[in-house]
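# Fold and contact review
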Amino acid sequence: MGIQKSDLRTLVQPQIRKAGLVRGRVIVLTLVLAVVFTSATIWAALLRHEILGVGYLPRWVVSFFVVLIGINAVVKRLLPSFSLTNTELAFIFAILSVIASIPHEIGIHFYLNLLGLVYYSSPYSQWFGRFTPHLPEHLVPSTNFRDPAILWAYEGMPSGAKLPLANWFVPLLAWTPYIFGVYLVLVFLCLLLARQWEEHERLLYPLAQVPMELSGATQEHPTKSIFRSPLFWVGFIVATLPYSLRGLHLYFPFIPDPQPQRNLGVLFASGPLTAFNNIDLHLYPEMVGIAYFLSHEVGLSLWLFPFLRRAEVALRMAFGVDMYHAEFLTFQSVATYLVMAGSLLWLARGYLKEVGLTALKWILRKLPHSETDRSNVPLTEAKALIGLLLAFGSLLLWAKLVAGVNVSWTALLLVGLVITGLVVARIVGEAGVYIFAPPFRAYQVIFDIFGKDRIGARNIVLLSAMGWIQIRSTGTMATGYIANSLRIFSSAGVDKGYGTGWMLFAILLTLLVCHIVFPTVIYTYSVPKLSWWAQTSSLNTANFVGQYLTTSRPLTSHHWWGLVIGAITCWALIKLRLNFVGFPLHPIGFVTWYGWPLDRYWMSVMLGWALKGLILHYGGFSAFQRFKPFAYGVTVGGTMTLTTWILLRLIFPTSESIIID
């Protein structure tokens, strides 16, 4: 008797799943998709400022993933041996989501800013001669603003001229080890703490639940397809309405604009209550759906604390303090990150001690072979610790030998990267914020605290350039994507070491694609023809660096009081949460309370939190479980609808964007 197609699927796919294997052709498919989508994302970001890869559930990844699941369902019936297992589907999502933001978070800053430091050092700029004396020639395409590699980027290429890409070979050869080294640090940091957060602290990872539910890939058993749930499609349709009406209005103005991004404007003309002016009322269906899965105290804190922040500013104004609110809040945030990072490491101290001892035994070759297979010996995490330390040390060597930057300042910059990356990963893993980044830049804090005279002009220029790689991110930091992907690997049964290896390879491949496509697009169109963001990015950076080179910014009592009050408040919230089980506020709310992400997302979080509360109150836990497909539908529907309209706008431009990112 021959083996039927259904028998083949029954025999082969569970074995692949059990071993956590991903076939070679699936890996090739994933890498090809990474190249294609990276190139498309670069074009969209530079020409239209449409950010396809933004969000810790990347827009194009979610949309493509749903389409891929549909195609795979058809292939599974017709050619089962060519279909993807649930594990492979999860693997594809995890890898693509990690590289999704790289074109925006690096590319939109790195290449244009390198050009800008030279171009805005010209005699026609207020920063004449301020930057180029501190730039090693091997780190920029040219140090002469008249060189075609610089001039043509801003003033256009002559007809028939060749792209000056050869000028980029040496700088990119010099910068790539540093850029990739930063990602090594971030990946190893997340891998080091993954087991602690997943198994010991049991974080929810609400964003990672979405692809796992869509693909049906869990380590224990595949779930029933959520696409068969009517509630999923009800949620999907509900989520399509605000974005679709907005998109239709842009093409057909007679259709009413629902204005999913509103602002209350000026509510109070004067006095302390002016702190409550200009409150954003933004509706993001995808965040409404995600908020449904958050714990009560996390959901409450995410939308409540931005109002408490405004109340704090109002209180300052009531006591006659009418200045330095931004500085005060920024340094409060710096303190919260320090305290939060310290508390996370302290809570994990036993686990980290075990990892350290395992790493030491492994280095000394004193780890018995049989012991490496025991689940309580985190050998993968031990290697991650070793890799983290080696990558950190390699970046210090690069700074000294290649860039000529002071090692101490570099170390401080990288410590800032580790602290902010750790906290952002925790926020995404526990609170599922769709978009988030620190409200401060690590190198900016260093400059403010220590001053230009102590740091030196050369270090300021080069540390700023080094900070464009994830350290300066004000959109989304890489650790959120990495933490989610590691959780997906765990849930899908993919070995973390195996998955991490392909994750790093995909990151390197994406960087190489960026190195080719970004300069090509910049020279082909020139900066004045790029998107509004790309047009101003390098000028804003030049102004930022120039001001630090020419202006002293001594710290005031507002900065120091911000640090003290922020640290004490964050510590108190952590202690209260640890000591009182029913304490209603979560310290993550305080950590995230300042900055544009929660100012925009608070209302969507509140709606999801309120929906969950109502269902639990009137229907209990069983009703909460029954309505999960609705929340998934709202999340996927909002993401896919917005992606569809963005793609349409890339082909048929409109005067306004669907939403403001």
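Residues numbered from 1 in each chain as written. Predicted model: local features only at pLDDT ≥ 70, side-chain atom pairs only at ≥ 80, totals over all residues. Heavy atoms only, no water.

Within the protein, the regular secondary structure consists of 24 helices and 2 strands. Whereas a compact globule of 661 residues would reach a radius of gyration of roughly 26 Å, the protein reaches 25 Å, a difference of no more than 12%. In terms of overall dimensions, the protein has C-alpha extents of about 80 × 70 × 60 Å along its principal axes. Looking at the 661 residues of the protein, the share that counts as buried comes to 59%. (Helix = DSSP H or I, 4+ residues; strand = E, 2+ residues; numbered from the N terminus. Rg over C-alpha atoms; globule rule 2.2 N^0.38 Å. Buried < 20%, exposed > 50% of the residue type's maximum accessible area, 1.4 Å probe, protein only.)

In this structure, Leu46, Phe110, Trp175, Tyr178, Leu214 and Ile507 are the most contacted members of the largest nonpolar core, which totals 229 residues. By residue number, the principal contributor to this core is helix H7 (residues 169–200), which donates 20 residues. Setting aside its immediate chain neighbours within four residues, tryptophan 175 contacts Phe110, Leu114, Leu139, Trp398, Ala465 and Met466. (Core = buried A, V, L, I, M, F, W, Y, C linked by side-chain atoms within 4.5 Å. Contact = heavy atoms within 4.5 Å.)

This next bit is on the environment of tryptophan 175. Structurally, tryptophan 175 is set in helix H7. Since its relative accessible area comes to 1%, tryptophan 175 is described here as buried. It is 12 Å that separates the C-alpha atoms of tryptophan 175 and glutamate 137, two residues lying 38 residues apart in sequence.

How two aromatic rings sit relative to each other is set out by the distance from centre to centre and by the angle between their planes. Scanning all chains against the criterion turns up 43 aromatic pairs. Joined through ring pairs, the aromatic side chains of Phe110, Tyr111, Trp168, Trp175, Tyr178, Trp398 and Phe518 make up one cluster. Here the basic side chain of arginine 426 rests over the ring of tryptophan 197, its NZ or CZ set 5.3 Å away from the ring centre. For the cation-ring pair, arginine 553 lies above tyrosine 548, with the distance from its terminal atom to the ring centre recorded as 4.3 Å. (Phe/Tyr/Trp six-rings, centres within 6.5 Å; stacked < 30°, edge-to-face > 60°. Lys NZ or Arg CZ within 6 Å of the ring centre and 35° of its normal.)

The next point concerns helix H6 (residues 148–155). For H6, the full list of buried residues reads Ala149, Ile150, Trp152, Ala153 and Tyr154. With a side-chain oxygen positioned 2.9 Å from the backbone nitrogen of alanine 149, the residue opening H6 is aspartate 147. Two residues or fewer past H6, glycine 156 is found with a positive phi of approximately 90 degrees. (Polar contact = N/O pair within 3.5 Å; in protein donor to acceptor, adjacent residues only side chain to side chain.)

So, on to the pattern of salt bridges. Under the definition given, this model contains 12 salt bridges. As a salt-bridge pair, arginine 426 and glutamate 430 come within 2.9 Å of each other at their nearest N and O atoms. You can see arginine 426 and its partner glutamate 430 sitting in helix H15 (residues 407–431), 4 residues apart, about one turn around the helix. Looking at arginine 426, the relative accessible area reads 8%, which means it is buried. Within this structure, Glu198, Arg487 and Lys496 form a network of salt bridges that share partners. (Salt bridge = Lys/Arg side-chain N within 4 Å of Asp/Glu carboxyl O.)

This part is about unusual backbone geometry. Even without a glycine there, the phi angle at histidine 49 is positive, about 55 degrees. In this fold, histidine 49 is placed in the loop between helix H2 (24–48) and helix H3 (59–78). Phi at tyrosine 205 is positive, roughly 45 degrees, even though this residue is not glycine.

Our next topic: the side chain of threonine 336. Note on placement: threonine 336 falls in helix H12 (residues 325–347). Look past the residues within four positions of threonine 336 in its chain and what remains in contact with it is Gly566, Cys570, Phe590 and Val591.

Now for the side chain of threonine 420. Among the secondary structure elements, threonine 420 is positioned in helix H15. A polar atom in the side chain of threonine 420 sits 3.2 Å from the backbone oxygen of leucine 417. Residues within four places of threonine 420 in sequence aside, it is in contact with Tyr337, Pro438, Phe440 and Met477.

Moving on to a nonpolar patch on the surface. Among the surface-exposed residues, Val74, Leu78, Leu79 and Phe82 lie close enough to one another that they form a single nonpolar patch of about 400 Å² accessible area. Here valine 74 lies in helix H3. (Patch = residues over 30% accessible without salt bridge, like charges linked within 9 Å, V, L, I, M, F, W, Y side chains within 5 Å. Areas by Shrake-Rupley, 256 points an atom, 1.4 Å probe, with all protein chains shown as cover.)

Summary statistics for the protein give a mean pLDDT of 91 and a share of 93% for residues scoring 70 or more. Mean pLDDT values over the elements of the protein span from 45, in helix H1 (residues 5–19), up to 97, in helix H22 (residues 587–591). Below pLDDT 50 for its whole length, residues 1–19 participates in 25 contacts with residues either more than four positions away or in separate chains. When the criterion is pLDDT under 50, residues 370–375 qualifies, and its contacts beyond four places in sequence or with other chains add up to 5 contacts. (pLDDT = per-residue confidence, 0-100.)

Next up on the list: the state of the cysteines. Evaluation of the coordinates by the stated rule reveals 0 disulfides. Here cysteine 514 is not disulfide-linked; the sulfur of cysteine 190 is the nearest cysteine sulfur, at 20 Å. Left without a disulfide partner, cysteine 570 is nearest to the cysteine sulfur of cysteine 190, which lies 19 Å away. (Disulfide = S-S within 2.5 Å.)

Attention shifts here to the environment of histidine 282. Among the structural elements, histidine 282 can be located in strand E2 (residues 280–282). Remark: the alpha-carbon pair of histidine 282 and histidine 325, spanning 43 residues in sequence, is separated by 24 Å. A distance of 3.1 Å separates a polar atom in the side chain of histidine 282 from a polar atom in the side chain of tyrosine 284.

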